[in-house]
Amino acid sequence: MNDTAPAGLSAAEALRVAEQARAAAQAPRSLPGWFGPVFAVAFTLYGSGVGYAAYSHTSWLGGALAVAFAALTGALTAVAARSGGIVQRSASGCRHLYWRAFAQVGAVALAAAGLAYAAGADARGFGVAIGAASGVAFWVTARWLNTRIRREFEAR
């Protein structure tokens with residue numbers, strides 16, 4: 001095999017190819033396959049636990065679950081960052097995408113709360129509905145966000 005560049009490649013073409021290679025190397029890789037499902041389950045369990053805590057009037061349980069959820073999501077985010085996903089290499093110009101993703105997850109949570117209310121759910125039902133809907137929305141939105149940020153890097 002011959003690894004040399006063709007003799008007819010101009011300097012401008014070589015720079016363009018090098019720039020594309022640099023952008024591809026800096027772009028975040030796809031999210032790990034476990035990222036979305038694990039976060040969806042974590043959101044669902046957290047929502048269920050907070051719903052149960054509200055139903056049983058044990059506010060300390062809600063606080064303990066919040067601390068556990070924050071620790072779990074922090075650890076999962078750190079692992080995802082090391083695997084090269086969106087959290088490791090995000091463009092500073094992508095803040096508008098983060099806000100849009102946050103708004104999308106919030107809108108889904110509010111819609112789930114509305115549906116749970118319309119169905120006559122108690123606090124446990126609210127917790128499960130909001131947690132499950134937020135988890136799935138986070139999963140879908142994280143995949144969308146990763147794709148958009150990859151496109152931003154490739155366009156540079």
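Residues numbered from 1 in each chain as written. Predicted model: local features only at pLDDT ≥ 70, side-chain atom pairs only at ≥ 80, totals over all residues. Heavy atoms only, no water.

**Some words on helix α2 (residues 35-55)**
Right, on to step 1. The end-to-end C-alpha separation of α2 is 30 Å, in line with the 30 Å expected for 21 residues at 1.5 Å each.
Right, on to step 2. All of the buried residues along α2 are F35, G36, F39, A40, A42, F43, G47, G49, G51 and A53.
Right, on to step 3. Backbone geometry just after α2 places H57 at a positive phi near 55°. (Helix = DSSP H or I, 4+ residues; strand = E, 2+ residues; numbered from the N terminus. Expected span 1.5 Å × (residues − 1). Buried < 20%, exposed > 50% of the residue type's maximum accessible area, 1.4 Å probe, protein only.)

**Some points on helix α4 (residues 95-118)**
Right, on to step 1. Given a rise of 1.5 Å per residue, 24 residues ought to cover 34 Å, and the 35 Å separating the end C-alpha atoms of α4 matches this to within 8%.
Right, on to step 2. When α4 is considered as a whole, its buried residues turn out to be L97, A101, V105, A109, A112, A113 and A116.
Right, on to step 3. Directly beyond the C-terminal end of α4, a positive phi value near 80° is found at G120.

**A short note on the confidence of the model for the protein**
Right, on to step 1. When pLDDT is averaged along the protein, the result is 81; 79% of the residues meet or exceed 70.
Right, on to step 2. Confidence scores differ between elements of the protein, with helix α1 (residues 11-26) showing the lowest mean pLDDT of 76 and α2 the highest of 90. (pLDDT = per-residue confidence, 0-100.)

**Topic: the nonpolar core**
Right, on to step 1. Membership of the largest hydrophobic core is limited to 9 residues, which are L31, F35, F39, A42, F43, F69, L76, A80 and A142.
Right, on to step 2. Looking at this core, the elements that each hand over two or more residues are α2 and α3 (59-82).
Right, on to step 3. Per element, the largest residue contribution to this core is 4 residues, and it comes from α2.
Right, on to step 4. A42 has contacts with F69 and L72, leaving out every residue within four places of it along the chain.
Right, on to step 5. In this structure, C94, L97, A101 and L145 belong to the second largest nonpolar core, which totals 5 residues. (Core = buried A, V, L, I, M, F, W, Y, C linked by side-chain atoms within 4.5 Å. Contact = heavy atoms within 4.5 Å.)

**A short note on the packing of aromatic side chains**
Right, on to step 1. In this structure the tally under the stated criterion is 8 aromatic pairs.
Right, on to step 2. Consider the rings of F35 and F138, whose centres lie 6.1 Å apart with planes at 35°: the pair is tilted. With F35 in helix α2 and F138 in helix α5 (residues 123-155), the pair connects residues that are 103 residues apart, well separated along the chain.
Right, on to step 3. Overall, F138 belongs to the partly exposed group, its relative accessible area being 23%.
Right, on to step 4. An aromatic cluster of three or more residues is present, and its members are W34, F35, F39, F43, Y46, F69 and F138. (Phe/Tyr/Trp six-rings, centres within 6.5 Å; stacked < 30°, edge-to-face > 60°.)

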